[in-house]
Structure formats: C-alpha cells, structure tokens
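# An overview of the molecular structure
What follows is each chain in one-letter form.
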Amino acid sequence: VQLQASGGGLVQAGDSLRLSCAYSGRTFSSYAMAWFRQAPGKDREFVGAITWGGGSTTYVDFVKTRFTIYRDNDKSTVYLQMNSLKPEDTAIYYCAKSRTGYYMVSASGYDFWGQGTQVTVSS
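As a starting point, this report considers the structure included with it.

Cut-offs and rules
Residues numbered from 1 in each chain as written. Predicted model: local features only at pLDDT ≥ 70, side-chain atom pairs only at ≥ 80, totals over all residues. Heavy atoms only, no water. Buried < 20%, exposed > 50% of the residue type's maximum accessible area, 1.4 Å probe, protein only. Helix = DSSP H or I, 4+ residues; strand = E, 2+ residues; numbered from the N terminus. Pairing = 2+ DSSP bridges. Axes fitted to C-alpha atoms, helices over the stretch in contact; angles between N-to-C directions. Core = buried A, V, L, I, M, F, W, Y, C linked by side-chain atoms within 4.5 Å. Contact = heavy atoms within 4.5 Å.

We now examine the pairing of strand β8 (residues 77–82). For β8, the tally of buried residues reaches five of six residues, placing the bulk of the element in the interior. Note: strand β3 (residues 17–24) against β8, six bridges, orientation antiparallel. In the sheet register, C21 faces β8, and the bridge partner there is V78. Pairing between strand β7 (residues 67–72) and β8: six bridges, direction antiparallel.

Here we take up the sheet that holds β8. Taking strand neighbours across the sheet as the criterion, the four strands line up as β1-β3-β8-β7 in an open arrangement whose pairing is antiparallel. The outermost strands of the open sheet, each flanked by one partner alone, are β1 (2–6) and β7. For this sheet the average axis-to-axis angle between neighbouring strands, irrespective of direction, equals 15 degrees.

On to the environment of A22, then. Of note, A22 is situated in strand β3. The sequence separation of A22 and L3 amounts to 19 residues, and the corresponding C-alpha distance is 5.6 Å.

Moving on to the nonpolar core. A general tendency of soluble globular proteins is for nonpolar side chains to be buried together. Judged by nonpolar contacts, the single largest core of 27 residues is most densely connected at M33, W35, F67, V78, L80, M82 and Y93. Mapped by element, the contributors of at least two residues to this core are β1, β3, β4 (33–38), β5 (45–50), β7, β8, β9 (91–98) and β11 (117–122). For this core, the element with the highest residue contribution is β3, accounting for four residues. For F67, the residues in contact, after removing those within four places along its chain, are R37, V47, Y59, L80, Q81, M82, N83, L85, D89 and Y93.

All quantities given are derived from atomic positions and should not be read as evidence of function.
Encoded structure:
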C-alpha cells in the first residue's frame, strides 16, 4: 500500500484548500481512511476520518464545521476539504489507512501513512 498526499500550500486566513490522498495497493474501498496533522513542536493529532463506503465521517471538534472528508472509491482517493482556514491550522497533514473498514481516533488504528503535505495559513 502506498499513500500520496498532495494539495497543501500557503494560504491566507479565511481561504480554502483541498487536500488529496491517492491510494495504491489493496482494495481501497475496504478500508476507512483518516487525516491527521502535526504542527511544529506538537504531537500528531487526529483531524477526521471516513468509513470504507463513505457513509459515516467523524471530526475533531475544532474542525467540525470547517472541514469535510469525502472519498471517491473509483479513483482510490480520499479528500480533505478545508474551509475558513485559520493560522492554527498550520501543520503537516497526513492521510492514513485504517486497519479495518471503520475508523478509530487513535493513530494505532492505522497501518499505512502518506508522506504528509504542508499547509501554512498566514494571518
């Protein structure tokens, strides 16, 4: 399994970005997918996740009304749409494959990770 995250960049507060994570390997549609992020000097934290079929999503409270995760199983890609970005959203964003079709908040529930894509939000 390989995950390739892309779409990061430098934006201003209030702008939007869409991150993509292209998946190659075992059947994409069998697994939940998640996004995590790591800000400088901080631990990696859970952002949100989506079940194998896309029927259910979950988000951490501080992004719940601004970020949306969705997936296209035909394209083996998961997306993170980020709106109303804030400087505190600045981090490296990682996509991750769940060990099962259902998500977990803990990083231990994920067995493959993308390389990360940098998101920088200026004030």
